[in-house]
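Working through the structure, step by step
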Amino acid sequence: MNKDLTIGKPEAVLWKFCLPLFGSIIFQQLYNIADSLVAGKFIGENALAAVGNSYEITLIFIAFAFGCNIGCSVIVSQLFGAKKYKDMKTSVYTTMISSAVLCAALMLFSIICCNGLLSLIHTPQEILSDSKLYLDIYIGGLPFLFFYNISTGIFSALGDSKTPFIFLAISSTSNILVDILFVARLDMGVAGVAWATFLCQGVSCVLAIIAVLKRLAGIHTDGKLQIYSGKMLKQIAVIAVPSILQQSFISVGNIIIQSVINDCGVGVTAGYSAAVKLNNLVITSFTTLANGISNYTAQNMGAGILHRVKSGFKAGVKIVWLLCIPIVILYLFAAKALITFFINSPSDLALASGMQFLYVVAPFYFVISIKLVADSILRGARLMKMFMITTFTDLILRVALAEILAKQTGYIGIWCAWPIGWSIAMVLSIIFYHNGPWNRTEDNSQ
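Presented here is an overview of the structure given in this document.

Reading guide: rules and limits
Residues numbered from 1 in each chain as written. Predicted model: local features only at pLDDT ≥ 70, side-chain atom pairs only at ≥ 80, totals over all residues. Heavy atoms only, no water. Helix = DSSP H or I, 4+ residues; strand = E, 2+ residues; numbered from the N terminus. Rg over C-alpha atoms; globule rule 2.2 N^0.38 Å. Buried < 20%, exposed > 50% of the residue type's maximum accessible area, 1.4 Å probe, protein only. Contact = heavy atoms within 4.5 Å. Areas by Shrake-Rupley, 256 points an atom, 1.4 Å probe, with all protein chains shown as cover. Lys, Arg positive; Asp, Glu negative; His and termini not counted. Charge placed at Lys NZ, Arg CZ, Asp CG, Glu CD. Salt bridge = Lys/Arg side-chain N within 4 Å of Asp/Glu carboxyl O. Phe/Tyr/Trp six-rings, centres within 6.5 Å; stacked < 30°, edge-to-face > 60°. Polar contact = N/O pair within 3.5 Å; in protein donor to acceptor, adjacent residues only side chain to side chain.

When you go through the protein chain residue by residue, the secondary structure sums to 15 helices and zero strands. Over its C-alpha atoms the protein chain spans a radius of gyration of 21 Å, differing by no more than 12% from the 22 Å that the globule rule assigns to 446 residues. A buried classification covers 59% of the 446 residues belonging to the protein chain. Of the contacts made within the protein chain by residues no fewer than 6 positions apart, 85% connect residues no fewer than 24 positions apart. If you sum the accessible surface of the protein chain, you get close to 17100 Å²; carbon and sulfur atoms cover 68% of it. The averaged location of the 20 negative side-chain charges in the protein chain is 13 Å from the averaged location of its 29 positive side-chain charges.

Within this structure, the stated rule accounts for five salt bridges. Two residues, Lys-132 and Asp-136, come together in a salt bridge whose shortest N-O distance is 2.7 Å. Separated by four residues within a single helix, Lys-132 and Asp-136 lie in helix α4 (residues 125–140), roughly one turn from each other. Taking the relative accessible area as the measure of exposure, Asp-136 reaches 36% and is therefore partly exposed. Between Asp-160 and Arg-215 there is a salt bridge, with the nearest N and O atoms lying 3.0 Å from each other.

Moving on, we come to the environment of Leu-21. Within the fold, Leu-21 resides in helix α1 (residues 10–43). A relative accessible area of 7% places Leu-21 in the buried class. Counting along the chain gives 135 residues from Leu-21 to Ser-156, while the straight-line C-alpha distance between them is 9.5 Å.

For the coordinates displayed, the defined rule picks out 17 aromatic pairs. The interplanar angle of 85° and the centroid separation of 5.4 Å between the aromatic rings of Trp-321 and Phe-366 together place this pair among those described as edge-to-face. Here the residue Trp-321 occupies a position in helix α10 (residues 307–333), and Phe-366 occupies one in helix α13 (residues 365–380), the gap between them amounting to 45 residues. Assessed through its relative accessible area of 37%, Trp-321 is described here as partly exposed. Phe-366 sits in the partly exposed class, given a relative accessible area of 24%.

With that out of the way, let us pick up the environment of Asp-394. For Asp-394, the position within the fold is in helix α14 (residues 384–409). If we skip the residues at most four places from it in the chain, Asp-394 touches Lys-371, Gly-421, Trp-422 and Ala-425.

In this section: the environment of Thr-393. Assignment of secondary structure puts Thr-393 in helix α14. In this structure, the C-alpha to C-alpha distance between Thr-393 and Ser-285, residues 108 residues apart in sequence, is 22 Å. The residues contacting Thr-393, other than those within four sequence positions of it, are Ile-424, Ala-425 and Leu-428. Side-chain polar atoms of Thr-393 contact the backbone oxygen of Ile-389, separated by 2.8 Å.

Take a look at the structure:
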């Protein structure tokens, strides 16, 4: 069901909109950690390292899919808020056509450069073949990744956070079951992990597209509909390209950091692979909620109700901090159990490095969550220059410090790069947020 986010008390509206997103977060994380969990438990430490190693490269593809998602989502939200339904439909179809072309180009690039990327990040020889196998199968499923993300972005833009939750719940649960079937029962190894993701995401993608097309057909518009618009593509690209660059450069930065970690040996790589999955669980959770806040911001900006954006920021911080509290406590007091959850009988080095990562990073989730909420409002308002500055600040600092500190203190120094980059970038995000148009308007009455 479509939901107008410009009506009602802002905090109540955001809470109601974000509740299904909390459910989506749980299933999204089950989807994300299933491959590593099954690899580590049923195959071994090297398999976990191989999947974790490949995961950093797959984040580049996810970055492109996410960019298409958010570019379409912000524009659709603004047009929906402004009740320009005909233009809204054009933006959806334009995104789908353009994304298909982009996806094909990425697949071609990946087929040609896959081996080079694995060599670039200093993939240890003992996990190279499994890393390559996982990536080859994953690349074949890129169209599913792209169109599933676009479809869920459209639902969120229409104020519907329940439908994406349903699709994700079915998909992630199926992925876990198929993972176990292929690996534990059929003994397919790392290939089974990759094929499970391919099949489950494929089914979810097809169902999501069908649902989107039916939803759009239910929104009445007069006159001939324009299926593709170069002008609309430019508007989408203004949001999508910076978002793609943001996620891509973060992924490239993570790949560089992964290469530094790989030089520390398979034990540290395995420990990091487990710990970074737990870290990504949190960051993806914050990002999912932030996407909802971007939709809220875009609808209200489209309707010209600027004062509601400030209320949305305050409500957003409350929501993410409520999520932070139990996670930080869990990561600090149950780090050992969480790492061993991924790896049966981990080596001392794998266990120590994974636990230390969580000890260093977890307390700063309160910091990065504020940054992501502020960034989501900048993006929803299409203030992409400011959005990009905060992203690059965080990325450049983390990569540079990881390289420098690794030489001084070993892998513990690499872990310290995260909180330093997050803290400085958060300050910039808050400054940019406070300079936004919602803080210059005198309209506080609506």
